[in-house]
Amino acid sequence: AVVSTQSTGTSAVMSTGKTYSEIADVYEAQPQYDAHVLSENVREYLGMLGSVPDMLHVHKGASQKVKDYTNRDGEKDAEEEQNIALRYSTISAAVLAEITHFHKQRNVDFNAMMRQFLSSQLDFHKTICTKLQAALAQYPE
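Below or above, wherever it landed, is the structure these notes cover. (Residues numbered from 1 in each chain as written. Predicted model: local features only at pLDDT ≥ 70, side-chain atom pairs only at ≥ 80, totals over all residues. Heavy atoms only, no water.)

**Here we look at the overall build of the chain**
On a plain count of helices and strands, the chain comes out with four helices and zero strands. Mapped from its N terminus to its C terminus, the chain presents α and β elements in the order α-α-α-α. With the C-alpha coordinates of the chain rotated into their principal frame, the extents come out at 110 × 20 × 15 Å. Within the chain, the fraction of its 141 residues that count as buried is 15%. Considering only contacts in the chain between residues 6 or more positions apart, those separated by 24 or more positions represent 84%. Summing over all exposed atoms, the chain offers an accessible surface of approximately 10,600 Å²; the carbon and sulfur share of this is 60%. Distance from the positive charge centre (13 side chains) to the negative charge centre (18 side chains) of the chain: 3 Å. (Helix = DSSP H or I, 4+ residues; strand = E, 2+ residues; numbered from the N terminus. Buried < 20%, exposed > 50% of the residue type's maximum accessible area, 1.4 Å probe, protein only. Contact = heavy atoms within 4.5 Å. Areas by Shrake-Rupley, 256 points an atom, 1.4 Å probe, with all protein chains shown as cover. Lys, Arg positive; Asp, Glu negative; His and termini not counted. Charge placed at Lys NZ, Arg CZ, Asp CG, Glu CD.)

**Digging into a nonpolar patch on the surface**
On the surface, V42, L46 and L49 cluster together into a nonpolar patch covering about 240 Å² of accessible area. The partly exposed category is assigned to V42, whose relative accessible area is 31%. (Patch = residues over 30% accessible without salt bridge, like charges linked within 9 Å, V, L, I, M, F, W, Y side chains within 5 Å. Salt bridge = Lys/Arg side-chain N within 4 Å of Asp/Glu carboxyl O.)

**Notes on the packing of helix α2 (residues 35–49) against helix α4 (residues 78–137)**
Running from N to C, α2 and α4 cross one another at 170°; their axes reach a closest spacing of 10 Å. Taken together, the axes of α2 and α4 lie roughly antiparallel to each other. Contacts from A35, V37, L38, N41, V42, Y45, M48 and L49 of α2 reach α4 at F102, Q105, R106, D109, F110, M113, M114, Q116 and F117. Here the contact of α2 with α4 is built from residues that sort into 12 nonpolar, three polar and two charged. (Axes fitted to C-alpha atoms, helices over the stretch in contact; angles between N-to-C directions. Parallel < 35°, antiparallel > 145°, perpendicular 65-115°, else oblique. Nonpolar A, V, L, I, M, F, W, Y, C, P; charged D, E, K, R; others polar.)

**With respect to the packing of helix α3 (residues 52–71) against α4**
Axes are the key here: two packed helices are described by the angle between their axes and the distance separating the axes. At their nearest, the axes of α3 and α4 sit 10 Å apart, and the two run at 160° to each other. Judged by the inter-axis angle, α3 sits roughly antiparallel to α4. Crossing of α3 against α4: the hand is left-handed. In contact with M55, L56, V58, H59, A62, S63, K65, V66, Y69 and T70 of α3, α4 contributes E80, E81, I84, Y88, I91, S92, V95, E98 and I99. Partitioning the contact of α3 with α4 into residue classes produces 11 nonpolar, four polar and four charged. (Left-handed = near helix turned anticlockwise from the far one by under 90°.)

Without other data, these values stay purely geometric and don't point to any function.
Written out as structure tokens, the structure is:
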């Protein structure tokens, strides 16, 4: 009976080593399912954020045009002033709409990204737990 227990123990230890090797493989493969996906999505958002300074620069230019026309000396054409104000209003509305849309979509996208990331992390850890539980089951109490 001692020999049988020793061979069972040796087999269990060898199997545990194999389990840890499998867990290492799971760790190695995991980033493609969560971290890489998340970082690609964040990079995409960084690219979109790159256009914000340009939008704000256009808005600032339009605002300055209104100020320059309003503060200029001499006779002012009421129709031209109204057209400048209308163009500024249009640019302001467009910039605000873009920013509002970006914030709303960002919330939707980041919610989906984080749900996918965390779901993948849960699956990852469940896989590891399942492997460890199988290894533990090989050692009788």
